[in-house]
Amino acid sequence: MSARTATRPALRRTQRRPRLGTLAALLLGVVYLVPLLWIVLTALKSDEVIASQPNAILFTPSLSTFSDILEVASTSVWTSFRVAAAVTVLVLVVAVPAAYALGRRTGPVWAKVVAWVLAGFLVLQMVPQPMAVIPLYGILAEWQLVNDVWGLVLADVALLAPFAVLLMRPFVLGIPTELYEAAQMDGASGFRTFRSVVLPMLPNGIATVGAIVFIITWGEFIYATTLLTDPAQLPVSGLLAQQTSLYATSWNRLMGLALLTSIPLLVVFLVAKRRLVEGLSVGAVK
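A. Structural detail: the packing of aromatic side chains. Under the criterion given, the structure shown has five aromatic pairs. Taking the centre distance of 6.1 Å and the plane angle of 20° together, the rings of Trp-78 and Phe-81 count as stacked. Remark: Phe-81 and Trp-78 occur in helix H3 (residues 64-104); sequence separation between them is three residues, near one turn of the helix. Ring plane angle 45° and centroid distance 5.2 Å describe the contact between Tyr-100 and Phe-194, whose orientation is recorded as tilted. Placement of the pair is Tyr-100 in helix H3 and Phe-194 in helix H8 (residues 190-198), with a sequence separation of 94 residues. Per residue, the accessibility class of Tyr-100 equals that of Phe-194, and both read buried. What links up through ring pairs into an aromatic cluster is the set Trp-78, Phe-81, Phe-214 and Trp-218. Looking at Lys-45, its charged tip hangs above the ring of Trp-38, at a distance of 5.1 Å from the centre.

B. Representation of a nonpolar patch on the surface. A contiguous nonpolar surface patch, about 450 Å² in accessible area, is contributed by Leu-27, Leu-28, Val-31 and Tyr-32. Mapping Val-31 onto the fold places it in helix H1 (residues 3-43).

C. Structural view of helix H6 (residues 149-173). Between the first and last C-alpha of H6 there are 35 Å, a value that for 25 residues agrees with the 36 Å anticipated at 1.5 Å per step. Where H6 bends most, at Leu-160, the angle is about 35°, and the proline Pro-162 comes one to four residues later. Structurally, the start of H6 carries an N-cap: the backbone nitrogen of Trp-150 is 2.8 Å from a side-chain oxygen of Asp-148.

Rules behind the numbers
- Residues numbered from 1 in each chain as written.
- Predicted model: local features only at pLDDT ≥ 70, side-chain atom pairs only at ≥ 80, totals over all residues.
- Heavy atoms only, no water.
- Phe/Tyr/Trp six-rings, centres within 6.5 Å; stacked < 30°, edge-to-face > 60°.
- Helix = DSSP H or I, 4+ residues; strand = E, 2+ residues; numbered from the N terminus.
- Buried < 20%, exposed > 50% of the residue type's maximum accessible area, 1.4 Å probe, protein only.
- Lys NZ or Arg CZ within 6 Å of the ring centre and 35° of its normal.
- Patch = residues over 30% accessible without salt bridge, like charges linked within 9 Å, V, L, I, M, F, W, Y side chains within 5 Å.
- Areas by Shrake-Rupley, 256 points an atom, 1.4 Å probe, with all protein chains shown as cover.
- Salt bridge = Lys/Arg side-chain N within 4 Å of Asp/Glu carboxyl O.
- Expected span 1.5 Å × (residues − 1).
- Bend = angle between axes of the 7 residues up to and from the residue.
- Polar contact = N/O pair within 3.5 Å; in protein donor to acceptor, adjacent residues only side chain to side chain.

This is a description of form; function is not addressed.
Right, dumping it as structure tokens:
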């Protein structure tokens with residue numbers, strides 16, 4: 001058998017792989033785009049079309065739904081943006097130095113301490129969130145922070161800070177130890193090393209953790225609907241829940257709100273996309 005004949009099966013296999021990849025991409029695209037298209041179509045239906053032909057594909061589009069919900073949605077989006085931005089900043093302020101402390105120290109004793117701290121963080125992530133609502137509500141009530149945006153911010157920071165530390169620590173471990181040794185030889189203190197060496201090496205990690213924390217906070221529901229009892233202060237998660245009731249569901253308003261409240265998340269993703277890709281690729285190489 002000639003070499004040309006032997007290489008034909010291999011060539012056929014390499015030609016099939018791109019085709020299979022293209023088919024898989026098309027299948028995933030259909031799976032994700034069809035629900036999105038249905039959300040857009042439902043949001044463009046008027047109340048009359050929803051009542052008479054809720055599953056209609058061909059209809060006269062109407063923007064009445066967006067005009068009705070725009071004012072309410074803008075208030076909820078502003079509340080969610082304030083909470084998500086404040087939580088993201090405070091979580092990063094806590095998580096970055098904590099990850100540096102847990103990733104930089106060496107020695108057998110310190111390794112055991114770090115192991116116990118990380119195990120505690122993992123246990124905290126396993127605790128169901130509804131179990132913490134009642135004691136947290138009591139604490140915030142004593143501090144007079146119930147129905148206050150800053151009470152929700154503190155609750156979300158306590159919820160997400162351990163997760164952010166666990167997520168940030170691998171980025172700190174990826175910093176070469178030679179940089180620490182060079183800073184120590186130059187007489188830099190621990191804070192100076194953190195400020196001048198560690199922080200400039202963590203833009204991808206900070207962008208990754210910040211984007212994930214912002215997205216999680218934006219969609220957080222249990223704390224938001226429990227600690228903010230004023231309907232005028234409800235974030236987007238609470239506003240979306242208000243569109244469903246025991247007797248009826250306003251599907252066009254629900255889908256319109258879903259579209260409007262997803263725009264800030266899309267902006268955050270587009271802004272942090274390059275950093276996210278770089279951070280994942282660097283982590284994969286290391």
